[in-house]
Amino acid sequence: MNKVVALAVDFGGTKVEAALVDSDGALIAASRSRQPTGRAATSEQLETSVGAVVRQALAALGRDHSLIGAGVGCAGPIERARGLVSPLNVPAWRGYPLRDFVASVVHEAAPGVPVSLEMDGVAITLAEHWVGAGQGIDNLMGMVISTGIGAGLIVGGRVVTGPTGNAGHIGHVEVAGVTGEDTFGSVSSLEAVASGPHTVAWARAQGFTGATGEDLAAAYAAGDEIARRAIVRTGTAVGQAIASATALLDLELVAIGGGFSQSTPDLFDVIRQSVAQHHFAFVRKVRIVPSGLSGAGPLVGAGALVHRAELVP
């Protein structure tokens, strides 16, 4: 009997990945690959990267595989109905037709296979609900702290996308009393304060000599005071944003993934302490946990756009 699989594509601010995902939420290991994206990339370079990972994933299709669709998760904002993307940290693509481009590559090998596009936060939240930390939870936010900060929402057991596909864009919620970089027109947006690169930039302005999130994590582990302050600052801001989202939506659980979220387990303690300061008990009750998907969440989520499509309006 053929194994039903979906092609999953995750496009973000530093890399694009693709893989095949089976109906149990498992990646077909030999199908997974990544290519660079980034702020300096041209549109042609981005197309080359996307095309390469899609073709490599499709090359792993075996005779015992049945490809039923392709799901694309992309950093926002997006225009869901038209399949267009404008990922904030990739300036070369503004209103770019990513869904149609992926479809053109997929249809070289599998004509007629449907392709869907959602914001990456929607994909990660579907993954957590399906096979991750949010199983059995019907009021859930899945969150990514990495090059940028994104999120998706499941409320009442259904994905919330909004009319444009951008519901859950928590990176652009304002946080009080913290000033970040003026990258997005607002120095107090969560992403401008608390993304990996912006946390490192703040630390460097205080005298930190490292250059990456990995450097900051190592310094924190070694007891560096600037790194400690940077983590506290970021965790406090993330907690404020989660508390605001919970006050609005009465969330039960927030599952957080992304590379920078793994800088130290203490980050989660700071986030929880920040939420615990909220006035309302129904906000303080929200559980905040690491992603249950070991770094595979965005790809599993892109696959879930196909395998769990019934949850997406």
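Source: prediction; values computed, not measured.

Definitions and limits used
- Residues numbered from 1 in each chain as written.
- Predicted model: local features only at pLDDT ≥ 70, side-chain atom pairs only at ≥ 80, totals over all residues.
- Heavy atoms only, no water.
- Helix = DSSP H or I, 4+ residues; strand = E, 2+ residues; numbered from the N terminus.
- Rg over C-alpha atoms; globule rule 2.2 N^0.38 Å.
- Buried < 20%, exposed > 50% of the residue type's maximum accessible area, 1.4 Å probe, protein only.
- Contact = heavy atoms within 4.5 Å.
- Areas by Shrake-Rupley, 256 points an atom, 1.4 Å probe, with all protein chains shown as cover.
- Lys, Arg positive; Asp, Glu negative; His and termini not counted.
- Charge placed at Lys NZ, Arg CZ, Asp CG, Glu CD.
- Pairing = 2+ DSSP bridges.
- Axes fitted to C-alpha atoms, helices over the stretch in contact; angles between N-to-C directions.
- Phe/Tyr/Trp six-rings, centres within 6.5 Å; stacked < 30°, edge-to-face > 60°.
- Parallel < 35°, antiparallel > 145°, perpendicular 65-115°, else oblique.
- Left-handed = near helix turned anticlockwise from the far one by under 90°.
- 1 Å grid on protein atoms, 1.4 Å probe; cavity = no way out; pocket = protein on both sides within 12 Å on 5 of 7 lines; lining within 4 Å.
- Points joined across faces, edges and corners; volume = space filled by probe spheres on them.
- Nonpolar A, V, L, I, M, F, W, Y, C, P; charged D, E, K, R; others polar.
- Salt bridge = Lys/Arg side-chain N within 4 Å of Asp/Glu carboxyl O.
- Core = buried A, V, L, I, M, F, W, Y, C linked by side-chain atoms within 4.5 Å.

Caption draft 1: Up close: the overall build of the protein. The secondary structure content of the protein amounts to 10 helices and 12 strands. Computed over C-alpha atoms, the radius of gyration of the protein comes to 19 Å, within 12% of the 20 Å expected from 2.2 N^0.38 for 313 residues, which places it in the range of a compact globule. Referenced to the eigenvectors of the C-alpha coordinate spread, the extents of the protein come out at roughly 55 × 40 × 35 Å. Going through the 313 residues of the protein one by one, you find that 56% of them count as buried. Sequence separation of at least 24 residues holds for 64% of the intrachain contacts in the protein that already meet a minimum separation of 6. Of the roughly 12600 Å² of accessible surface on the protein, a fraction of 53% belongs to carbon and sulfur atoms. Treating the 21 positive side-chain charges of the protein as one cloud and the 27 negative ones as another, the clouds have centres 1 Å apart.

Caption draft 2: Inspection of the sheet that holds strand β2 (residues 15–22) at higher detail. Across the sheet, five strands lie side by side as β3-β2-β1-β4-β7; this open sheet has mixed pairing. In this open sheet, the two strands that pair with only one neighbour each are β3 (33–36) and β7 (115–119). The sheet shows a mean angle of 20° between the axes of neighbouring strands, taken without regard to direction. The pairing of β2 with β3 spans four bridges and is classified as antiparallel. By the bridge assignment for β3, Ala 18 is matched with Ser 33. Helix α10 (residues 297–307) contacts β1 (3–11), β2, β4 (65–74) and β7 of the sheet and is inclined by roughly 125° relative to β1.

Caption draft 3: Local environment of the packing of aromatic side chains. Scanning the model with the defined rule gives four aromatic pairs in all. With a centroid separation of 3.9 Å and an interplanar angle of 0°, the aromatic rings of Trp 93 and Tyr 96 are classed as stacked. Tyr 96 matches Trp 93 in its accessibility class, with the two residues each being buried.

Caption draft 4: Main features of the packing of helix α1 (residues 43–59) against helix α2 (residues 98–109). The interhelical angle for the contact between α1 and α2, taken along N-to-C directions, is 40°, at an axis separation of 10 Å. In terms of orientation, α1 and α2 fall into the oblique class. The chirality of how α1 crosses α2 is right-handed. Facing α1, whose interface residues are Glu 47, Val 50, Gly 51, Val 54, Arg 55 and Leu 58, α2 presents Leu 98, Phe 101, Val 102, Val 105, Val 106, Glu 108 and Ala 109.

Caption draft 5: Fine view of the layout of surface pockets. Approximately 870 Å³ is the volume found for the largest pocket. Considering the residues around the largest pocket, the lining is formed by 45 residues, among which Val 144, Ser 146, Gly 258, Gly 259 and Pro 298 are closest to the centre. Where the lining of the largest pocket is concerned, the elements lending two or more residues are β1, β2, α3 (120–131), β9 (149–155), β11 (253–257) and α10. Among the residues making up the lining of the largest pocket, the classes are represented as 16 nonpolar, 22 polar and seven charged. Taken as a whole, the second largest pocket encloses approximately 310 Å³ of empty space. If you trace the second largest pocket, you find 13 residues lining it, with Gly 196, Thr 212, Gly 213, Glu 214 and Phe 260 closest to the centre. Every element with two or more residues in the lining of the second largest pocket is listed here: α5 (196–205) and α6 (213–221). Looking at the lining of the second largest pocket residue by residue, the class counts come to five nonpolar, seven polar and one charged.

Caption draft 6: Summary view of the side chain of Asp 22. Checked against the element boundaries, Asp 22 lands in strand β2. One buried charged side chain, Asp 22, makes no salt bridge at all; its nearest oppositely charged neighbour is Lys 3, positioned 4.0 Å away. Setting aside its immediate chain neighbours within four residues, Asp 22 contacts Lys 3, Val 4, Val 5, Ile 28, Trp 130 and His 307.

Caption draft 7: Summary view of the pattern of salt bridges. Tallied over the full model, the rule gives 11 salt bridges. In this structure, Lys 285 and Asp 250 form a salt bridge, with 3.2 Å as the shortest nitrogen-oxygen distance. With Lys 285 in the loop between α9 (281–284) and β12 (287–290) and Asp 250 in the loop between α7 (225–249) and β11, this residue pair connects regions lying 35 residues apart in the sequence. Overall, Asp 250 belongs to the partly exposed group, its relative accessible area being 38%. Taking the shortest distance from any N to any O, the salt bridge between Asp 269 and Arg 272 comes out at 3.5 Å. Highlighted residues: Asp 269 and Arg 272, both in helix α8 (residues 266–275), separated by three residues, approximately one helical turn.

Caption draft 8: Just the sheet that holds β11, in detail. Ordered by their spatial adjacency, five strands build an open sheet running β10-β9-β8-β11-β12, and the pairing between neighbours is mixed. Bordering the open sheet on either side are β10 (158–160) and β12, each of which pairs with just one other strand. Within the sheet, the average angular offset between the axes of one strand and its neighbour, ignoring direction, is 25°. Where β11 and β12 come together, four bridges link them in parallel fashion. Bridge pairing in β12 links Ala 255 to Val 289.

Caption draft 9: Representation of the nonpolar core within the structure. Ranked by size, the top nonpolar core spans 40 residues in total, and within it Met 141, Met 143, Leu 190 and Ile 242 carry the most contacts. For this core, the leading source of residues is α7, giving 10 residues. Counting 35 residues, the second-largest nonpolar core is a separate cluster that includes Ile 28, Leu 46, Val 90 and Val 105.

Caption draft 10: Structural context of the environment of Leu 98. Of note, Leu 98 is situated in helix α2. The spacing of Leu 98 and Arg 82 is 16 residues in sequence and 9.6 Å in space, taken between C-alpha atoms. With residues near it in sequence (within four places) discarded, Leu 98 still touches Phe 11, Val 50, Val 72, Cys 74, Gly 83, Val 85 and Trp 93.

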